[in-house]
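# Summary of the model geometry
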Amino acid sequence: MSLAERILNGEIRAAARLMRDIDDGIPSAVPELKRLYPHTGRAFIIGVTGPPGAGKSTLTDKLIEAYRSRGSRVAVVAIDPTSPFSGGAILGDRIRMNRHATDEGVFIRSLGTRGHLGGLSRSTNDIVTVFDAMGWDVVIVETVGVGQDEVDIVRTAHTSLVVMVPGLGDDIQAIKAGILEIGDLFVVNKADRPDADRAVRDLEMMLEMNHPEEGGWWPPVLKTVAQKNEGIAELVERIEAHRDHLRVSGRLTRFEENKSALRFEELLRDRLFRQVHERISEGGRLARTIRAIARRELDPYSAVEEVLSEHVHREG
Amino acid sequence: MTERKLRLLVAKPGLDGHDRGAKIVARAFRDAGFEVIYTGLRQTPEQIVNTAIQEDVDAVSLSILSGAHNTLFPRVIELLRAKGAGEMPVFGGGIIPEDDIPGLKAAGVKEIFTPGTSTEAINAWVKENIRPRA
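Residues numbered from 1 in each chain as written. Chains lettered and ligands numbered in written order. Predicted model: local features only at pLDDT ≥ 70, side-chain atom pairs only at ≥ 80, totals over all residues. Heavy atoms only, no water.

### Points about the overall build of chain A
Scanning chain A for helices and strands turns up 13 helices and eight strands. In terms of overall size, chain A behaves like a compact globule, its C-alpha atoms giving a radius of gyration of 22 Å where 316 residues would be expected to give roughly 20 Å. Referenced to the eigenvectors of the C-alpha coordinate spread, the extents of chain A come out at roughly 65 × 50 × 45 Å. Intrachain contacts of chain A at a sequence separation of at least 6 include 75% that bridge at least 24 residues. Roughly 15,700 Å² of accessible area belongs to chain A as shown, and the carbon and sulfur atoms make up 51% of that amount. One finds the centroid of the 43 positive side-chain charges in chain A at a distance of 4 Å from the centroid of its 49 negative side-chain charges. (Helix = DSSP H or I, 4+ residues; strand = E, 2+ residues; numbered from the N terminus. Rg over C-alpha atoms; globule rule 2.2 N^0.38 Å. Contact = heavy atoms within 4.5 Å. Areas by Shrake-Rupley, 256 points an atom, 1.4 Å probe, with all protein chains shown as cover. Lys, Arg positive; Asp, Glu negative; His and termini not counted. Charge placed at Lys NZ, Arg CZ, Asp CG, Glu CD.)

What follows is the structure in structure tokens.
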């Protein structure tokens, strides 16, 4: 039986193995993904992002609990940074969630970024595909700790939570571009700390400067103390309100179309590049070309045009 | 592009609350270029085995300082077998008397590292003995 069939039968081991193949870039993963794709589109995908130390993993742990108590089966993709020096990684998000490890209705997968920028790993979307096809109701994607510009999550998740902590103060002004533009909900976690209300006010003030279109969604700012389970019920309520909003407003269709377009473009880019790159690497042509460019015997623009005219049908 | 990266689980079963050793080993694995999933403290064998399967690791390593190694190692191996993952190698370390090591190896533990072992020695053993799965 193929991995895909076993996954559709609900086999955890098969899913875990395919995720590994995807993450390691093993070509045999592609036919399996082709088989799974028609079964996707049912899962509700929640993104959890924010700076390091904001409490993303603890909050994710509470969201698992809340959705489990509503009877949903919950999968988690938790991403931690890969060391740029050794290529190794310590994936420790599970530390905060592993009480769910014996719950059959929870599946947690940890991933390293493996050099990918944007807050996710290159494999994240395909791994969500596996969970979705397998019939998990809710998939929570926890990004690495992000700064300003790592906003890939917004294309992966239906509903994105940006988790902040009190005390960032004026920094909020500094980072108003980037992650603060992508939140569907903002969470001030660790709200039992001083300055929590100020953080909420700062965020609200900043959000008021954005103007959602007619009938659009106004991102709420919520307070939580994830460790004490405070504010979680309201958070889930608001997440569900956003989910309803997507459905009712027709934005869900637009989201799926955008996501599909990006996914298609990304794949096309990757595959084209790899194909051409492999061909010109053979026989040392790539190395010769690069040397010629370095010696100014050839300019890089002509070099690329030459390769393209040989290996891809001509532009325009 | 299609190179397997070694994935290892570092787990702390049982009741002892000392994870300095586990963290040092996890860090050494990371520096050797491995991907390490760290579970945190006080994990049951059931949690460890489910984690190993969900994460599709190439080996499970346990750090045990509580003296319960003769129970915990065989239990993890037994559960892995019961879940169809019996081929996953299990190794570990901690405060483990020399006299207990032959019994643990007979139970299926691949290697035991006792206090004082250098992280270089552990990494060298892993590189020699643990392969990313095909």
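### Quick notes on unusual backbone geometry
All names here are of chain A. Phi at Lys-190 takes a positive value of approximately 55°, unusual for a residue other than glycine. Considering the arrangement of structural elements, one finds Lys-190 in the loop between β7 (185-188) and α9 (196-208). Backbone geometry places Asn-229, a non-glycine residue, at a positive phi of 65°. Counting through the fold element by element, Asn-229 comes out in the loop between β8 (221-223) and α10 (232-249).

### Quick notes on the nonpolar core
Residues and elements named next belong to chain A. Ranked by internal contacts, the top residues of the largest apolar core, which has 47 residues, are Val-77, Val-130, Phe-131, Val-139 and Val-141. Apart from the residues lying within four places of it in its own chain, the contact partners of Val-77 are Arg-109, Leu-111, Thr-124, Ile-127, Val-128, Phe-131, Val-139, Ile-140, Val-141 and Glu-142. By size, the runner-up hydrophobic cluster in this structure holds 28 residues, among which are Ile-46, Val-138, Ala-226 and Leu-235. (Core = buried A, V, L, I, M, F, W, Y, C linked by side-chain atoms within 4.5 Å. Buried < 20%, exposed > 50% of the residue type's maximum accessible area, 1.4 Å probe, protein only.)

### A few points about α9 of chain A
Residues and elements named next belong to chain A. Taking 1.5 Å of rise per residue, 13 residues should cover 18 Å, and α9 covers 18 Å from first to last C-alpha, within 8% of that figure. Residues of α9 that are buried include every one of Ala-196, Ala-199, Val-200, Asp-202, Leu-203, Met-206 and Leu-207, and no others. Down the axis of α9, the smallest arc covering the buried residues is 165°, so these residues share one side. Opposite the buried face of α9, by more than 90 degrees, sit the exposed residues Arg-201, Met-205 and Glu-208. (Expected span 1.5 Å × (residues − 1). Arc of directions from axis to C-beta.)

### A word on the sheet that holds strand β3 (residues 89-91) of chain A
Spatially, six strands are ordered β3(A)-β2(B)-β1(B)-β3(B)-β4(B)-β5(B) in an open sheet, and the strand pairing comes out parallel. Edge strands, defined here as strands with exactly one partner in the open sheet, are β3 of chain A together with β5 (112-113) of chain B. The sheet contact formed by strand β3 (residues 59-64) of chain B and strand β4 (residues 90-94) of chain B spans five bridges and is parallel. For Ser-61 of chain B, the partnering residue across the bridge sits in β4 of chain B and is Phe-91 of chain B. (Pairing = 2+ DSSP bridges.)

### Comments concerning the environment of Thr-40 of chain A
Residues and elements named next belong to chain A. Assignment of secondary structure puts Thr-40 in the loop between α3 (29-36) and β1 (44-49). Sequence-wise, Thr-40 and Leu-161 are 121 residues apart; in three dimensions their C-alpha atoms are separated by 23 Å. For Thr-40, the residues in contact, after removing those within four places along its chain, are Thr-129, Asp-132 and Ala-133. For Thr-40, the side chain forms a polar contact with the main-chain oxygen of Tyr-37, separated by 2.6 Å. (Polar contact = N/O pair within 3.5 Å; in protein donor to acceptor, adjacent residues only side chain to side chain.)

### Remarks on α3 of chain A
Three or four residues apart is the spacing at which side chains of an α-helix point the same way, because the helix has 3.6 residues per turn. Residues and elements named next belong to chain A. For α3, the complete set of buried residues consists of Ala-29, Glu-32, Leu-33 and Leu-36. All buried residues of α3 fall inside an arc of 100° around its axis, so they share one side. Close packing links the buried residues of α3 with α1 (3-8), α2 (12-23) and α5 (124-134).

### Re the interface of chain B and chain A
On the side of chain A, 34 residues touch chain B, which itself brings 35 residues to the contact. Here chain B meets chain A over a buried area of about 2,900 Å², counting both sides, of which 46% is carbon and sulfur. Summed over the shared surface of chain B and chain A, the result is eleven salt bridges. The salt bridge involving Glu-35 of chain B is made with Arg-114 of chain A; its shortest N-O contact spans 2.9 Å. Taken together, the connections running from chain B to chain A amount to 27 residue pairs in polar contact (both at pLDDT 80 or more). It is helix α2 (residues 45-55) of chain B that contributes the most residues to the side of chain B that touches chain A, seven residues altogether. For the side of chain B that touches chain A, a count of residues per class yields eleven nonpolar, ten polar and 14 charged. In the sheet, β3 of chain A pairs with strand β2 (residues 35-38) of chain B via three bridges, with the strands oriented parallel. The partner of Ile-90 of chain A across the bridge, within β2 of chain B, is Val-36 of chain B. (Buried area = accessible area lost by both parts, 1.4 Å probe. Salt bridge = Lys/Arg side-chain N within 4 Å of Asp/Glu carboxyl O. Nonpolar A, V, L, I, M, F, W, Y, C, P; charged D, E, K, R; others polar.)

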